[in-house]
Amino acid sequence: MKKVYIVTGSEDGIVGVFSSKSKARQRAINYVKAGCEVHLLDSTILSDATKWSEYFYCTNTRSTAEIRIEELQ
């Protein structure tokens, strides 16, 4: 099975699909930074036995980005 990382922006829907977590994180960071004046980002990681996701947000904007893992068969 192959894992893909899907980046979803709050204003634009899916903004990228990546095979690398680091590339997905960079896309999510760039997406949120585009609307963030201060360029200070926070991230929250949620995980359990069946799924993992990471959210990026900036305190002075409403734009957020989420990364989630999907397994392809």
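Before any of the text, the structure's been laid out above.
Definitions and limits used
Residues numbered from 1 in each chain as written. Predicted model: local features only at pLDDT ≥ 70, side-chain atom pairs only at ≥ 80, totals over all residues. Heavy atoms only, no water. Helix = DSSP H or I, 4+ residues; strand = E, 2+ residues; numbered from the N terminus. Contact = heavy atoms within 4.5 Å. Areas by Shrake-Rupley, 256 points an atom, 1.4 Å probe, with all protein chains shown as cover. Expected span 1.5 Å × (residues − 1). Buried < 20%, exposed > 50% of the residue type's maximum accessible area, 1.4 Å probe, protein only. Arc of directions from axis to C-beta. Pairing = 2+ DSSP bridges. Core = buried A, V, L, I, M, F, W, Y, C linked by side-chain atoms within 4.5 Å.

**Student:** It is not clear to me how the overall build of the protein chain should be interpreted in this structure. Could you clarify?
**Tutor:** For the protein chain, the count of helices and strands is 1 helix and 5 strands. Overall, the protein chain shows an N-to-C arrangement of helices and strands of β-β-α-β-β-β. Taking contacts inside the protein chain between residues at least 6 apart in sequence as the whole, the part at least 24 apart equals 41%. Carbon and sulfur atoms make up 48% of the accessible area of the protein chain, which amounts to about 4900 Å² in all.

**Student:** Just to check I follow, could you spell out helix α1 (residues 21–33) for this structure?
**Tutor:** The α-helix advances 3.6 residues per turn, and as a result positions three or four apart in sequence lie on the same side. Across its 13 residues, α1 extends 18 Å between first and last C-alpha, which sits within 8% of the 18 Å expected from 1.5 Å per residue. Those residues of α1 not exposed but buried are Ala24, Ala28, Ile29, Tyr31 and Val32. Buried residues along α1 cover an arc of 160° about the axis, so they all sit on one side. Summarising the geometry of α1, the exposed residues directed more than 90 degrees from the buried face are Ser22 and Lys23. Those residues of α1 hidden inside the fold are in contact with β1 (2–9), β2 (13–18), β4 (52–57) and β5 (64–72).

**Student:** Whenever I open this one, the pairing of β1 confuses me. Can you help?
**Tutor:** If a strand is regular, its side chains alternate between the two faces of the sheet. The pairing of β1 with β5 spans 8 bridges and is classified as antiparallel. Paired with Gly9 across the two strands is Ala65, which belongs to β5. By the bridge criterion, 5 bridges tie β1 to β2 in an arrangement that is antiparallel. The partner of Gly9 across the bridge, within β2, is Gly13. From the end of β1 to the start of β2, which pair antiparallel, there are 3 residues.

**Student:** In this structure, what is going on with the nonpolar core? I would like to understand it.
**Tutor:** Counting 13 residues, the largest nonpolar core has Ala28, Val32, Phe56 and Ile67 as the members making the most contacts within it. In this structure, Ala28 is in contact with Val7, Phe56, Ala65 and Ile67, ignoring residues within four places of it in sequence.

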